[in-house]
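# Structural characterization, general
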Amino acid sequence: MTAFNGKVVLITGGARGIGAEVARRLRARGAHLVLIDIDSPPLRELAAELGGDEHVVAASADVRDFTAMQAAVAQGIERFGGIDIVVANAGIASYGSVLTVDPAAFRRVIEVNLVGCFHTVRAALPSVIERRGYVLIVSSLAAYMAMPGMTAYDASKAGVEHFANALRLEVAHRGVDVGSAHMSWIDTPLVRESFADLPAVGRALAALPRPIRKTTSVQKCAARFERGIERRARRINVPVWVGALRWLRPLLQTPAAERAGSKTTSTWLPDMDAEVAGLGRSLSARTQALGED
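Counting restarts for each chain: residues are numbered from 1 in the order of the written sequence. The model is predicted, so local features are restricted to residues of pLDDT at least 70 and side-chain atom pairs to those at 80 or more, both for listing and for counting; the totals for chains, interfaces and linings are taken over all residues. Computation of side-chain values: all heavy atoms of the structure, hydrogens and water removed.

### Comments concerning the pairing of strand β5 (residues 134–138)
Rules: The buried label goes to any residue with under 20% of its type's maximum accessible area, the exposed label to any with over 50%, and the partly exposed label to all in between, with areas taken from a 1.4 Å probe on protein chains only. The helix count covers DSSP runs of H or I at least four residues long, the strand count covers runs of E at least two residues long, and both are numbered beginning at the N terminus. By the convention used here, strands pair only if DSSP detects at least 2 bridges between them. Viewed with both strands pointing away, a crossover whose connecting path from the first strand over the helix to the second turns clockwise is right-handed.
Most of β5 sits out of view: 5 of its 5 residues are buried. By the alternation rule, side chains of β5 split into Tyr134, Leu136 and Val138 and Val135 and Ile137, which are all buried. Sheet topology places strand β4 (residues 85–88) next to β5; 4 bridges connect them, and they run parallel. For alanine 88, the partnering residue across the bridge sits in β5 and is isoleucine 137. The parallel pair β4 and β5 is bridged by helix α4 (residues 103–130), and the resulting crossover is right-handed. Pairing geometry for β5 and strand β6 (residues 177–183), over 5 bridges, is parallel. By the bridge assignment, tyrosine 134 is partnered in β6 with aspartate 177. Read from β5 through helix α5 (residues 151–171) to β6, the crossover connection turns out right-handed.

And the structure:
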């Protein structure tokens, strides 16, 4: 018996990256899974890998569509009786500064990352309350430290952190715990695609201290998530040093710190914007191909 044996875990963005690796780890410890993703082929492959219909509900749904999310949650509840744990993990990023990013791409990031988080939690929350469960909102280091050229992502991840904080206050008296996860660079398809599309991003990171620019494996990240979910943690930081930035946030927002950052930004942001213009898109090719309106 383990802490996850017989528990029902809902994970959005469950077909790839962090979501898929967390699913593997929790299934190995006896959990039943409700995996939701807009990308159907890898979602079906993962469901088959993890035991098929007996242990996994694989629902193809767009987190921007509340009706679709309600239907996916209902499917999971019908199969397994309820939802104990929610991991609101679905997320995307856009390319380019405020002057360059496609407004439609900016809006899509907000809708997936922030509104999609609300849809996920809202759809599953009645069952989670009934089972006195746990909700993990996947935010980012970007909630602690703004990054130029990532305004939509920064805004959405700061927003979901505060969403988690407010939700925690709303449901604590109902026996539900809420946490937020904050990661630096993780070796996910999202990060790999960004580095491949935008060489200027790699050059910008090269100027940062090594811990900040280092990429963490998906396996190590998922292991941290597994431990945090088991502890019903308020915050999960990956790597651990990311947590220090939460306390340093006021210093990072001082005029002196922002002036120093602005000098560095001026050397690479124009290059990134030129690369975005050359690509002719403000999303990765894979993200753009998925979920088009």
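Still more ground to cover, so stick around.
### A few points about α5
For clarity, the cut-off: Each helix should span, by expectation, one fewer than its residue count multiplied by 1.5 Å. Contacts are assigned to residue pairs with any non-hydrogen atoms lying within 4.5 Å of each other.
With 21 residues, α5 extends 30 Å from end C-alpha to end C-alpha; this agrees with the ideal 30 Å at 1.5 Å per step. All of the buried residues in α5 are Ala152, Tyr153, Asp154, Ser156, Lys157, Val160, Glu161, Ala164, Asn165, Leu167, Arg168 and Val171. Contacts made by the buried residues of α5 are with α4, β5, β6, β7 (235–238) and α10 (242–252).

### Points about the nonpolar core
As a reminder of what qualifies: What is meant by a nonpolar core is a set of buried Ala, Val, Leu, Ile, Met, Phe, Trp, Tyr and Cys residues, joined one to another through side-chain atoms within 4.5 Å.
If you look at the biggest cluster of nonpolar residues, it comprises 36 residues, and the most contacted ones within it are Val34, Ile36, Ile83, Val128, Val135 and Ile137. When contributions to this core are tallied by element, the ones reaching two or more residues are β1 (8–12), β2 (32–37), β3 (56–60), α3 (66–80), β4, α4, β5 and α5. Residue contacts for valine 128: discarding those within four places in its chain leaves Ile83, Asp84, Val86, Gly133, Tyr134, Val135 and Val176. Ranked by size, the runner-up nonpolar core spans 33 residues in total, among them Ile18, Val22, Leu35 and Val87.

### What to know about the packing of aromatic side chains
Using the following cut-off: A pair of Phe, Tyr and Trp rings is counted when the ring centres sit within 6.5 Å of each other, with Trp represented by its six-membered ring. The angle between the planes then sorts it: under 30 degrees is stacked, over 60 is edge-to-face, the rest tilted.
If you walk through the whole model with that rule in mind, you get 1 aromatic pair. Ring plane angle 45 degrees and centroid distance 5.4 Å describe the contact between tryptophan 185 and phenylalanine 195, whose orientation is recorded as tilted. Placement of the pair is tryptophan 185 in the loop between β6 and α6 (189–197) and phenylalanine 195 in helix α6, with a sequence separation of 10 residues. Among the residues examined, phenylalanine 195 registers a relative accessible area of 28% and is labelled partly exposed.

### Structural notes on the sheet that holds β2
As a reminder of what qualifies: For helices, the axis comes from a line fit to the C-alpha atoms of the stretch in contact; other axes are also lines fit to C-alpha atoms, and the angle between any two N-to-C directions lies between 0 and 180 degrees.
Sheet architecture is open: 7 strands sit in the order β3-β2-β1-β4-β5-β6-β7, paired in parallel fashion. Single-partner strands in this sheet number two, and they are β3 and β7. Going across the sheet, the axis of each strand differs from the next one's by a mean of 15 degrees, ignoring polarity. In this structure, β1 lies alongside β4, joined through 3 bridges in parallel fashion. Bridge pairing links valine 9 to isoleucine 85 in β4. Those strands touched by helix α2 (residues 40–49) are β2 and β3, and its axis lies near 175 degrees from that of β3.

### Overview of the environment of glutamine 70
When you line up the elements, glutamine 70 lands in helix α3. When its relative accessible area of 39% is taken as the criterion, glutamine 70 is described as partly exposed. Here the alpha-carbon distance between glutamine 70 and isoleucine 83, two residues 13 residues apart in the chain, equals 13 Å.

### A word on unusual backbone geometry
That bond from valine 238 to proline 239 is cis: its omega, -10 degrees, falls within 30 degrees of zero. Residue position: proline 239 is located in the loop between β7 and α10. Unusually for a residue other than glycine, arginine 132 sits at a positive phi of about 50 degrees. Examined against the element boundaries, arginine 132 turns out to sit in the loop between α4 and β5. For arginine 232, which is not glycine, the phi dihedral falls at a positive 55 degrees. In this fold, arginine 232 is placed in the loop between α9 (218–231) and β7.

Spatial relationships are all this shows, so hold off on functional conclusions.
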